[in-house]
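# Examining the three-dimensional arrangement
Here is how the chains run, residue by residue.
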Amino acid sequence: MHNKEPNKNTNNEENTSQVTDKVLPEPEDARAIANILKAVGVESFDTRVVAQLVEFVYKYIGEVLELSKTFAQYAQREDIKQEDVKLAISSLLSKSFTQPPSRDVLLQLCRERNAVPLPAVETYVGIQLPPKEFQLTTRNYQLKRKTTTESLASQELSETTGNTSVGESSSQRNQVEFSTMDTSE
Amino acid sequence: MPNDLDSFLFRFVLEYLQRKGYKGAADALRNALASEVPEDFHNPPLDMDDQVRNFLEFFLFVREEEKGLVEDYGKIYRWIDGCLEVVRVELGQLTYPLLVYLYLDLIRRERYEESQKLLEEWAPKFFEQSVRDELFSLKGVRRREQLNDNPVSQLYLKHRREIFVSQYAFELLCDFLVEHRLTSVFRCIMEHFHVKMEKDSQVIGSEDSKSSIGFFPYQEFEVLQKNEIHWRPLKESDYIVQEQDSQPESHTTLEGNTVDSNEVHPSIPIPKYPVGSAMLESEDDKLRRVSLGIETLPSSLMYTFSNSYDDMNCVDISVDGSTIVAGFDDSFIRFWDGKECGQYRLVGGKPLIGHCGSIYSVSLSPCGRFFLSSSEDGTIRLWSTKLERDLVVYKGHLFPVWSVEFSPLSHYFVSCGHDRLGRLWTTDRIFPLRLFGGHYSDVETIRWHPNCCYIASGSSDRTCRLWDLRDGNSVRLFGPHSASVCSLVFSNDGKKLVVGLENGQIEFWDIVQGRRISRLEGHNGPIWCLDVSKDDIFFASGSSDCFVHLWNVQSLNNSLQSTLSRDQLLVKSFQTKDSAVYCTRFSRKNLLLVAGANL
């Protein structure tokens, strides 16, 4: 539960060992975040939530300020102005806070997609799966075939050495190459 | 005198620009006319055109009157509260939207302290009703620039709010506003509301107006009411391969639904199954189905999951009661296979790994051998219970998918999610075939109609919609509800829709006529699951308040009241030992199966 007074600790373990522990006051940022949460209407929350939000806020503001510094430098200014910050926020908007598309875009998409008639269905038993390349159970490797020069070279080798174990040559022949197949993973 | 007129006009234009917020233009004008603009002025010069003069006088008058908007709102609120019952109910539709619009107007004019004061004083009055979330969202709008980003403010500003009042009530309101000189409020009403006057005051029933005061697209509602719904069950020959199938009859009549006697042709291509197929109801199911009645209540069986309240999000039980699938927060899915229903201890529970986010919904196919899962990572996966692994990934939603359901005839499934769309898929295509867009907020739940021609979706914008699968259009709008929709179920005859809300209420809608049949205070918590027995006699609802209630549908048909008390419909109430109920399902033989997680 959330600590209201900074110097009060609710952890049972710390209560017993008060001699050794020194209770640190709650940092201002954490208190600010807690107030924001209450203002939005969240009544009860874990302390971990506050810590995560503080970290997120630091990271986000850091990114925004770095980007606005770049913009200010581009405009050959020493200090960051409000316009730089605004520009930085709007450029980072699409990267971090994606939202579903607006209603007009959605309705347009729907119209386009719904104009295509539904495909016919054949009678079958069980469930129909998509073509093999879209299933997750396809094999995602390919077997590499040896070329003729390589096979000649290995034959020479085997002749000169005299003894080749069956395992070696067969492993040379069936080199398995894990090519990156485009599965739907 | 021309000088007076000019300076007056300059001042007027300057004030107008400032009021509308065009600071740049106002500054430019002020700089250009530095000496000629008077500081302030009271009366327009006498030699102006009458009409223009009236307008200017009104403008000045309004300018002076705008100081105390908060008190003005208070006056209106108290007056409406003190009116006659009938008038109060009608004008009560006005109070909440008026608060929102006044607040947005103040923000637009950059009068921030006043706007905060307005909200602090008057918002708590509306907290008990369904609009608490909207108010919190509006509280976050503190600056003019944020008006465009906030979804609630956009919703209110883009659409004019419709109000239905009788002429008498509206005249009373106008008289009050003029008498107390609340011109700014009057202007706000004229600008943002669409007042529809009805001759008699009984058009809007008192029940309806209490149901929701938030946003609702009334115009669309009126338009959609005119659509015809083909609700009858499918002809058996359309989805079962008959023995004498020699005549080349068209399997799919896509031209339209010909309503011949009691059945309907499917509007979308559906698969046909041979008679003994696992997808269909078997003869055994029909023979052994327990016929329910007031004397013969269904036997019920509950599976309780321990140590999973924090984790478990969804459960599904197959229609023969043998397989249970549960989805968890740690992106695992577990399923249990009971060989016959009624087993007291389930074996299995191996975690299936595939998704990368919490699982929000699972749905078993009618044959019980496959299931679908939808997750926070925006994908839907098809799993096989025999192979114990996933087979296909369906990507389309890029945002969390809240619900997925297999069609009763398999082959198709629908999903809905945070992106406000519902999608229709077939198992053999990895892209959706239809997109159902129209909701104003996330779509929480989606269900198939028994004849596979329609889909109902319920959303957190407090409405439900009925969609036609062939062209993807919305054919009905059900609303407004008093809270966001959590669960839905169609009655087996296809005529009724039962809606479970987040505040524990259950609403019944007649699909064919598009009107609300009645409302019921069902539970003390959100209703997570609903199901109707196969013969439409009972329906069961389960909620997070650890109860499963069994209700009688037939007495619903007989009663004419719009709000029913619990006792009228409640047949039996099962209290679980501290377990929130996630899934209630009537098996094909009318056995009530329930699954829940122990708190």
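Scroll up a little and you will see the structure.
Computed from a predicted structure; not experimentally measured. (Residues numbered from 1 in each chain as written. Chains lettered and ligands numbered in written order. Predicted model: local features only at pLDDT ≥ 70, side-chain atom pairs only at ≥ 80, totals over all residues. Heavy atoms only, no water.)

## Considerations on empty space enclosed by the protein
One pass over the full model with this rule turns up 3 cavities of 30 Å³ or more. As a volume, the largest cavity reaches approximately 50 Å³. For the lining of the largest cavity, the residue count by class is 5 nonpolar, 1 polar and 2 charged. (1 Å grid on protein atoms, 1.4 Å probe; cavity = no way out; pocket = protein on both sides within 12 Å on 5 of 7 lines; lining within 4 Å. Points joined across faces, edges and corners; volume = space filled by probe spheres on them. Nonpolar A, V, L, I, M, F, W, Y, C, P; charged D, E, K, R; others polar.)

## Details of the interface of chain B and chain A
In this complex, chain B contributes 48 residues to the contact, which on the side of chain A involves 36 residues. Across the interface of chain B and chain A, roughly 3500 Å² is buried in total on both sides, 62% from carbon and sulfur atoms. When the buried surface of chain B facing chain A is broken down by residue, R420(B), R434(B) and L435(B) rank first, second and third, together holding 15% of it. Here chain B and chain A share 0 salt bridges between them. Linking chain B to chain A there are 10 residue pairs in polar contact (both at pLDDT 80 or more). Mapped onto the side of chain B that touches chain A, the elements with two or more residues apiece are helix 7 (132-139), strand 10 (379-384), strand 11 (389-395), strand 14 (421-426) and strand 15 (434-437) of chain B. Here the element with the most residues in the side of chain B that touches chain A is strand 11 of chain B; it accounts for 6 residues. In the side of chain B that touches chain A, the residues fall into 26 nonpolar, 8 polar and 14 charged. (Contact = heavy atoms within 4.5 Å. Buried area = accessible area lost by both parts, 1.4 Å probe. Salt bridge = Lys/Arg side-chain N within 4 Å of Asp/Glu carboxyl O. Polar contact = N/O pair within 3.5 Å; in protein donor to acceptor, adjacent residues only side chain to side chain. Helix = DSSP H or I, 4+ residues; strand = E, 2+ residues; numbered from the N terminus.)

## Observations regarding the sheet that holds strand 10 of chain B
All names here are of chain B. Pairing is antiparallel in the open sheet, where 4 strands are placed in the order 8-9-10-11. Taken across any chain shown, the strands that pair with only one partner, and hence form the sheet edges, are strand 8 (359-364) and strand 11. Adjacent strand axes in the sheet meet at a mean angle of 20° when their direction is disregarded. Looking at chain direction, strand 9 (residues 370-375) and strand 10 are connected through 5 bridges and run antiparallel. Its bridge partner lying in strand 10, F370 is registered against S384. (Pairing = 2+ DSSP bridges. Axes fitted to C-alpha atoms, helices over the stretch in contact; angles between N-to-C directions.)

## Here's the deal with the environment of A88(A)
Residue and element names in this part refer to chain A. For A88, the location among the structural elements is in helix 4 (residues 82-96). Between the C-alpha atom of A88 and that of F71, which follows or precedes it by 17 residues, the distance is 7.7 Å. With residues near it in sequence (within four places) discarded, A88 still touches V64, L67, S68 and F71.

## Notes on the nonpolar core
Residues and elements named next belong to chain B. L382, L466 and L497 are the most contacted members of the largest nonpolar core, which has 57 residues in total. Looking at which element gives the most residues to this core, the answer is strand 13 (residues 412-417), with 4 residues. Aside from chain neighbours lying at most four places away, what touches L497 is A456, F478, L488, V489, F490, E507, F508, W509 and I511. The next biggest cluster of nonpolar side chains, apart from the first, holds 50 residues, and it includes Y77, V100, L102 and C174. (Core = buried A, V, L, I, M, F, W, Y, C linked by side-chain atoms within 4.5 Å. Buried < 20%, exposed > 50% of the residue type's maximum accessible area, 1.4 Å probe, protein only.)

## Re the layout of surface pockets
Put simply, the second largest pocket is a space of about 1700 Å³. In terms of lining residues, the second largest pocket is bounded by 36 residues, among which Y60(A), F97(A), G140(B), Q146(B) and D149(B) are the most central. Breaking the lining of the second largest pocket down by element, the ones donating at least two residues are helix 2 (28-40), helix 3 (47-74) and helix 4 of chain A together with helix 7 of chain B. Considered class by class, the residues forming the lining of the second largest pocket number 19 nonpolar, 10 polar and 7 charged.

## Notes on a nonpolar patch on the surface
Residues and elements named next belong to chain A. Together, I36, V40 and V42 line one region of the surface with nonpolar side chains, adding up to about 230 Å² of accessible area. Residue placement: V40 occurs in helix 2. Residue class for V40 comes out partly exposed when judged on its relative accessible area of 48%. (Patch = residues over 30% accessible without salt bridge, like charges linked within 9 Å, V, L, I, M, F, W, Y side chains within 5 Å. Areas by Shrake-Rupley, 256 points an atom, 1.4 Å probe, with all protein chains shown as cover.)

Everything listed here is a matter of geometry and, on its own, says nothing about what the molecule does.
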